[in-house]
Amino acid sequence: MIMGGTQSEHKLINADGRTRYDGRKFDELRPLSIQAGVLKRADGSAYVEWGSNKVLAAVYGPREVHPRHMQNSARAIVQARYNMAAFSVGERKRPGPDRRSVEISKIISEAFTSVVFVEQFPRTTVDVYMEVLQADAGTRCAGLTAASVALADAGIPMRDLLPSVASGKVEGVVVCDLNKDEDTCGEADVPCAILPRTGEFLLLQMDGHLTYDELMQAMEYNRRACKIINEVQKEALRKKYSIITLENNVMKEEKPAEGRPEDRDQIGRPPESRLEPAQQGGA
Amino acid sequence: MDEDEKEIMEDNGGKAGEPPAPRDRGKGPCPPLPTPVGPKDEVWRGRGTQDGSCEKPAQPGPEGTGGGPTEGERPKGDLPEGQEPERGGEPGQMPEGGNPQPYREGRYEQSRRDGGGGGRGRDRRDGGYERRDGGRQERREPGRPPDVDRQLVLPGDDLGTHVRGGFGTYKDGESVYAACLGIRSTRDGFVSVIPLSGKYIPKRGDFVVGKVAEMTPSAWVIDLNSPYVAPLPGSETPWDAQFGEASKYMTVGDTVLVEIRDINEIGRVSVTMMGPNLRKLEGGQTIDVDATKVPRLIGRGGSMIGLLKRLTRCHIIVGQNGRIWLDGTVEDVTIALAAIKKIERDAHKLGLTDAVAAFIEGMRKELDEKRAKKEAGDDAREKNAVLQDRAERLEVQEEE
Amino acid sequence: MELDVVSDLRKDYINRLFSERKRIDGRTPEELRPVAVETGVVTSACGSCRVKWGETDVLVGVMVEQGTPFPDTPDRGVLVTNAELIPMASPYFESGPPRPESIEFARVVDRGIREAKMIDLAKMCIKPKEKVYLVYVDMHVLDFGGNLFDAGLLGATMALNSATVPAKRFGYGEDFKLPVEHWPISITSVKIENGLLVDPNLDEERVAEARLTVTTDENGDVRAMQKGLVGKLSFEDVQSIIKTSQRCGAELRKRLKLGAD
């Protein structure tokens, strides 16, 4: 959900009654891509581009809880923190958590507490961070989706990867995966997170106005979309962790995500981008 | 006045943090519901436990206790002088049963093999601390390779129905699913998942390289490169440390080699320094790697670590917790650190042992060349200096 | 509890390496880490730049809003620089109000931009005493691998250099490129027991006794400096560090074609 609504200048559902103004069909997702393991310091991380959303997620843990009194002697606590960068929305957002971010952080923490095998790590915390770098509606869904991949990347045991999406209603039509205009000007928004294998809801919100049938349809769109998103999550992890297979006997080198400069293998032979200092005279 | 101390008057109408403007709740024609897809694939399957709590993962059989790097030749009794307590790992490819293991024993349902019984050693609760070699021997005949599927699995992946789930898995109904990202491995009728990343969770009997993080009146608090720290009380050291004098023996920042005595249900860890070769480690360097890579770093029967020690000429101790201590000349340590990082990075590749040997050789050659060049340069500079000096003296002589 | 205790072993090792003119990551004491930049990465911002400097990763976004000017400068625009050391960037960053480290980071970068007169704020006035442009520079640290100052300022400089003022949105005519006249770059060095190292990585920063950040402009003139940490710097140290900053700054500028007109 984006703050500060304005009426869009055009119709959101096309005249043909089958497509939306961005060309998508009613049940179609926006383009989605996920990369796993994009940060060095975090235990696990993932980067999602979804429509025009750009969201980065990172996981630390399990690790010690500070302050101590917050620890749970029977299990790990999961602390998710959703945050939007100042430059992520049309008008600069004052840095720091606002009430909306606090609420979103809470419900995402709860979703993951259910998925992660928290009893395995008493007295620890699993910290999940989601930063929205560029926003285009459905940021909490993008954040959650990325965070699931980051959790797996960190080796945290879970029941399943957790995909998330928001369907809604726009100009009377129930559609899947709202973009910014659709979210701002539409009639309803139903974000959710569904466990792929069992179809159980670990996050579910709704705001707007829907009849029972419309709501069921939105949830059906969500269910189907989550299955697709789940495949993208899995693919991102497989890509990072691809293993050499015996038949090939060829070392398939997976390029590091985002083309980070590789560690140097040998002293004295820097990668191309390195600056060479002046040879003589020194500083 | 500083810019950022002044109030900034912004001219935007909608401030961040306020709820969005109420939407137009228009009514429109509602398209018909889509027909359900396929048989009820989203029907909630019954779960093992009634209260909906997480199904505890079944435990694997005796050896490899889900996660100990599978015990190859483990030294029994006292170690000969200068030898570190090491663990053999599995052959070249993916390490079997990598430490860490998130699933702590003792709390959960233990599925036992026929005659498997006390093979683990850990469940002998006779109190006090268990020797590592108590019943952790490999059960299979040496030489027979394990059935390793080597398939990458992700959390939630179906590993089969009516199979026995081992380490890194969980059960729901009749099926076993992967609980973490890792390599699927079938052995002795158990399907388990060897994790490819994750924190080190202390396990009884592990030898770990720790660092003193804090000192309390009664103990040194040891950081184990784990979410859990462990107190090391004076009674578990060979020293007679009086209150207030403890820092004489060991202080914050020191490196130690200790053994995990126990870890209980709430994650409280106890360690000891009483044991052969356990001690404070003086000098040298430490480096932390992913604990899941430790078996690879050690290699089958210690092959990789042996190679490293030989070629780098360093003294190296690999802790089960992924923390490695090494000592040697500056050049040797530099090479060893680079080699260790390479092993961590390329743990999944074939032929790693040869690659590492080649890598170290390459580095040595390069350093030798650099040194030769430097010496030649030094020689040249020295020659120039001598010539310069001579020229100056000649000049002076001429003037006189 | 700080679990990552910097032991004397690490400090020793770094110093021993230095006596052979080597560093942990294989560089010489005068060498910068590899630097990669990409502008225009966030389209919701007026200008943006992502800098990967060694293992440090910083995303800088520039936002231009309109507002009322400060009473003492009624006909000049406003520049605000902010830094977020978000918890995902390091196990030691915590959520919460800005810590002194993040405030110092923001202010040092701000000083570099302001003292280099990178933006002529007089050109950012819409209507004197009533309306001016507010230029916000927000630095978001994504991955902390040591030496934030240099990565942050580089990102800010490049983001500002590629920023567009969205005048149309406010109804003040066509959008125009943010007018930039100078291009500050900072280079930070640290002092360890045995000598000086330029562009410290995480380990080197942790064992350093003192730190000096020197910001230069495209002519090599010094625009800002900041000493950090509790140790002492001799006059020779300071001279040496300034020269290094000038040299490395010039090379970086050349490579990135900053202000190359």
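What counts, and at which threshold
Residues numbered from 1 in each chain as written. Chains lettered and ligands numbered in written order. Predicted model: local features only at pLDDT ≥ 70, side-chain atom pairs only at ≥ 80, totals over all residues. Contact = placed C-beta atoms within 7 Å. Helix = DSSP H or I, 4+ residues; strand = E, 2+ residues; numbered from the N terminus. pLDDT = per-residue confidence, 0-100. Buried ≥ 20, exposed ≤ 12 C-beta atoms within 10 Å, placed from the backbone. Pairing = 2+ DSSP bridges. Axes fitted to C-alpha atoms, helices over the stretch in contact; angles between N-to-C directions. Left-handed = near helix turned anticlockwise from the far one by under 90°. Nonpolar A, V, L, I, M, F, W, Y, C, P; charged D, E, K, R; others polar. Expected span 1.5 Å × (residues − 1). Arc of directions from axis to C-beta.

**Looking at the interface of chain C and chain A**
Thinking step 1. Across the contact, 42 residues belong to chain C and 38 residues belong to chain A.
Thinking step 2. Within the residue set of the side of chain C that touches chain A, elements represented by two or more residues are strand 1 (35–39), strand 2 (47–53), strand 3 (56–68), strand 4 (78–85), strand 6 (131–143) and helix 6 (235–256) of chain C.
Thinking step 3. Looking at the side of chain C that touches chain A, the element that brings in the most residues is helix 6 of chain C, giving 7 residues.

**A look at the environment of Leu-151 of chain A**
Residue and element names in this part refer to chain A.
Thinking step 1. Along the polypeptide, Leu-151 turns up in helix 2 (residues 139–153).
Thinking step 2. On a C-alpha basis, the gap between Leu-151 and Asp-98 in space is 25 Å, while along the polypeptide they are 53 residues apart.
Thinking step 3. Here Leu-151 is in contact with Gly-44, Val-59, Val-116, Val-128, Ile-156 and Met-158, once residues within four sequence places are set aside.

**Points about the confidence of the model for chain C**
All names here are of chain C.
Thinking step 1. For chain C, the average pLDDT comes to 91, and 95% of its residues sit at 70 or higher.
Thinking step 2. Counting contacts from residues 1–5, a segment whose pLDDT is below 50, to residues more than four positions away or on other chains yields 8 contacts.
Thinking step 3. In the predicted assembly, ipTM is 0.81 and pTM is 0.75.

**Remarks on the pairing of strand 6 (residues 164–170) of chain A**
Residues and elements named next belong to chain A.
Thinking step 1. With 7 of 7 residues buried, strand 6 lies mostly within the body of the structure.
Thinking step 2. Across 6 bridges, strand 6 lies against strand 8 (residues 188–194) in antiparallel orientation. Across the sheet, residue Ala-166 finds its bridge partner in strand 8, namely Pro-191.
Thinking step 3. Two successive antiparallel strands, strand 6 and strand 7 (residues 173–175), enclose a turn made up of 2 residues, where Glu-171 displays a positive phi of approximately 45°.

**Overview of the packing of helix 2 of chain A against helix 4 (residues 212–240) of chain A**
Residues and elements named next belong to chain A.
Thinking step 1. Put simply, helix 2 and helix 4 touch, their axes get as near as 10 Å, and they point 35° apart. Handedness of the helix 2/helix 4 crossing: right-handed. Within the contact between the two elements, helix 2 uses Thr-145, Ser-148, Val-149, Ala-152 and Asp-153 and helix 4 uses Ile-229, Gln-233, Ala-236 and Leu-237.
Thinking step 2. Here the residues of the contact of helix 2 with helix 4 are counted per class, giving 5 nonpolar, 3 polar and 1 charged.

**Some details on helix 1 (residues 99–115) of chain A**
All names here are of chain A.
Thinking step 1. For helix 1, which comprises 17 residues, the first-to-last C-alpha distance of 25 Å matches the rise-based estimate of 24 Å (1.5 Å per residue) to within 8%.
Thinking step 2. Of the residues making up helix 1, those classed as buried are Ser-101, Ile-104, Ser-105, Ile-108, Ala-111, Phe-112 and Val-115. Along the long axis of helix 1, the arc covered by the buried residues comes to 130°, so they all point the same way. In helix 1, those exposed residues whose orientation departs by more than 90 degrees from the buried face are Arg-99 and Val-102.
Thinking step 3. Among the structural elements, strand 4 (77–84), strand 5 (124–134), helix 2, strand 8 and strand 9 (201–204) are those in contact with the buried residues of helix 1.

**Quick notes on the sheet that holds strand 6 (residues 175–178) of chain B**
All names here are of chain B.
Thinking step 1. Overall, antiparallel pairing links the 3 strands, which are arranged 3-6-5 in an open sheet. This sheet does not close on itself; its edge strands, each paired only once, are strand 3 (158–161) and strand 5 (169–172). Neighbour-to-neighbour, the strand axes of this sheet turn through a mean angle of 25°, independent of strand direction.

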